[in-house]
Structure formats: C-alpha cells, structure tokens
Amino acid sequence: TAAKVPFFADDNREATISDDGGILAFISTRNLVPGVGNADGNPELFFFNIGSTTFTQATNTQEPTPSPGFSVIFQSNPSLSSDGSVVAFISSANLAGNNSDNNAEVYLANFSGSSVGNVRQVTRTINGLGNTNILSPGRRLSRNGAFIAFESRATDPKANATASGQILGMFVYTVATDTFVEVGPPRPTVIADIVHFPTFTDYNASLSPSS
C-alpha cells in the first residue's frame with residue numbers, strides 16, 4: 001500500500017521439535033539473538049530451548065547482495081535427533097571451510113541446549129548443473145542421530161567432484177564411519193524428477209532404525 005513497503009513475510013519457517021518437546025530448531029530471517037546478529041535478514045538456523053526460554057543462533061552467514069525473498073546463501077530444513085542434541089540441515093554457506101562454490105550441502109552439528117558445536121560438512125560436492133543435494137523437509141535424521149537420508153545427483157557425495165547426472169539418487173549417510181550407501185538408484189526419468197521424502201522406521205529401544 002502507499003503506507004507500507006512490500007516485504008517478504010516468510011520470516012520463521014521449517015520448524016522441527018525434539019521428541020520430548022524440549023528443543024525447537026527452525027530457520028528465521030529475523031534478528032532473534034542480537035548478540036550474534038542477523039541484521040541483514042539472511043535465513044539462519046536457530047534453536048529455542050523451551051525449558052530456559054532462550055534462543056541460540058547456530059549460523060551467522062551473509063548474503064553477497066541482499067535481496068528480499070531470495071537468498072544465495074541460506075540454511076534450510078533442519079532435522080533433530082530424539083533429544084535435540086544433533087541437527088542435520090542443508091546450507092549453501094561455507095560453514096566448515098570446504099564449500100567455496102556455495103553449493104547446497106548437507107551439514108551436521110551438535111547442540112548442548114545453549115550452544116552449537118562440531119559443525120561438519122556431510123556432503124562434499126561441486127556446483128555443476130545447479131544444486132546437487134536435496135535434504136527435503138521433515139525428519140531426515142534418525143532419532144539416535146546416527147544416520148541421514150537425503151537425495152543427490154552425485155555418484156559419490158563426498159568425492160568433492162562435479163555431479164554429471166541430472167537425476168536424483170537416494171542415499172543414507174552413516175555418521176560414525178563418514179560413509180554413504182546409495183539405497184535407491186537414480187530413477188529412469190529424463191531431466192525432470194520427483195523429490196522423495198526418505199525417512200527411517202522400526203526403531204528399537206536404543207532409537208536405532210532398522211529400515
């Protein structure tokens with residue numbers, strides 16, 4: 001309107017909650033932790049500890065040329081372990097020193113309830129025909145924090161090579177061994193593809209999935 005400047009309203013999004021309801025992880029473009037700062041309104045990963053009613057800003061990235069509603073550097077689709085101590089998410093930022101081309105890569109980090117640490121890059125790919133990896137919304141991290149399910153055009157998602165394929169294959173990443181297994185081969189389609197939503201089931205008492 002004449003009295004209101006247009007703005008992009010998707011401020012807080014993609015929220016996920018730990019099994020006991022104690023920890024929230026979500027993406028926000030707001031400046032929720034002024035001590036860290038998000039004055040440029042970039043999509044950053046945040047936590048909210050419900051018991052202490054405190055926010056923690058997990059990432060602090062900058063857009064080369066800020067543009068409302070469009071971000072080259074972003075964080076997206078966080079997925080929490082059962083107790084909220086482990087988070088998987090996808091980011092185009094260079095968070096661990098191995099993503100200078102700003103490809104969308106899968107990351108893993110630990111959350112203590114008040115601070116974030118041990119941020120590591122799970123996939124190591126090079127931007128070729130567009131973003132190589134997809135970590136779709138929902139629970140993609142197993143409840144015990146040991147496995148991540150995602151999709152990628154790469155043949156080897158840690159080879160740090162340009163993906164030549166155009167079709168997504170489904171992968172499971174094992175955190176303890178830093179290894180990938182391709183569960184579903186690329187589907188026989190041409191260029192166009194369907195995003196799937198892989199998840200884990202059949203958890204035992206130790207929250208380890210079997211399928």
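My aim in this report is to walk through the structure given alongside it, one point at a time. Not measured: the values here are computed from a predicted model. (Residues numbered from 1 in each chain as written. Predicted model: local features only at pLDDT ≥ 70, side-chain atom pairs only at ≥ 80, totals over all residues. Heavy atoms only, no water.)

Let us now look at the pairing of strand E1 (residues 12-17). Summarising the sheet, E1 and strand E2 (residues 23-28) pair through four bridges and their orientation is antiparallel. Opposite Ile-17, over in E2, you have Leu-24 as the bridge partner. (Pairing = 2+ DSSP bridges. Helix = DSSP H or I, 4+ residues; strand = E, 2+ residues; numbered from the N terminus.)

This part takes up the packing of aromatic side chains. Across all of its chains, the model carries nine aromatic pairs by this definition. Between Phe-26 and Phe-55, the ring centres sit 6.2 Å apart and the planes meet at 70°, which makes this aromatic pair edge-to-face. Taken together, the residues Phe-26 in strand E2 and Phe-55 in strand E4 (residues 54-57) connect sequence positions 29 residues apart. What makes Phe-26 buried here is its relative accessible area of 9%. (Phe/Tyr/Trp six-rings, centres within 6.5 Å; stacked < 30°, edge-to-face > 60°. Buried < 20%, exposed > 50% of the residue type's maximum accessible area, 1.4 Å probe, protein only.)

Okay, the pairing of strand E3 (residues 44-49) next. Of all six residues in E3, six are buried, a share of seventy percent or more. Because side chains alternate across E3, one face comprises the buried residues Glu-44, Phe-46 and Phe-48, and the other comprises Leu-45, Phe-47 and Asn-49, equally buried. Inspection of the sheet shows E2 paired to E3 by six bridges, in the antiparallel sense. Note on E3: the bridge partner recorded for Phe-26 is Phe-46. Bridge count for E3 against E4 is four bridges, and the pairing is antiparallel. The residue bridging Asn-49 from the neighbouring strand is Thr-54, located in E4. Between E3 and the antiparallel strand that follows it, E4, lie four residues; Thr-53 among them carries a positive phi value of about 50°.

Quick look at the pattern of salt bridges now. Tallied over the full model, the rule gives five salt bridges. Close ionic contact of Asp-19 with Arg-139 constitutes a salt bridge, the shortest N to O distance being 2.9 Å. One end of the pair, Asp-19, is in the loop between E1 and E2; the other, Arg-139, is in the loop between strand E10 (133-134) and strand E11 (147-152), with 120 residues separating them in the sequence. Given the relative accessible area of 38%, Asp-19 is considered partly exposed. (Salt bridge = Lys/Arg side-chain N within 4 Å of Asp/Glu carboxyl O.)

What follows concerns the nonpolar core. With 15 residues, the main nonpolar core has Leu-108, Val-122, Ile-148 and Phe-150 as its most contacted residues. Within the residue set of this core, elements represented by two or more residues are strand E6 (86-91), strand E7 (105-111), E11 and strand E13 (169-174). Top contributing element to this core by residue count: E6, with three residues. Every residue in contact with Leu-108, bar those within four places of it in the chain, is listed here: Val-86, Val-87, Ala-88, Asn-118, Val-119, Arg-120, Val-122, Leu-141, Ile-148 and Val-175. (Core = buried A, V, L, I, M, F, W, Y, C linked by side-chain atoms within 4.5 Å. Contact = heavy atoms within 4.5 Å.)

Here the focus is the sheet that holds E13. Taken in spatial order, the four strands make up an open sheet running E10-E11-E13-E14, and their pairing is antiparallel. Two strands close off the open sheet at either side, each with one partner strand: E10 and strand E14 (179-184).

This part covers the side chain of Ser-82. Within the fold, Ser-82 resides in the loop between strand E5 (75-80) and E6. The exposure class assigned to Ser-82 is buried, which follows from its relative accessible area of 15%. Setting aside anything within four residues of it in sequence, one finds Ser-82 in contact with Ser-18, Asp-19, Asp-20, Arg-139, Arg-143 and Leu-207.

In short, shape yes, function no, at least from these values alone.
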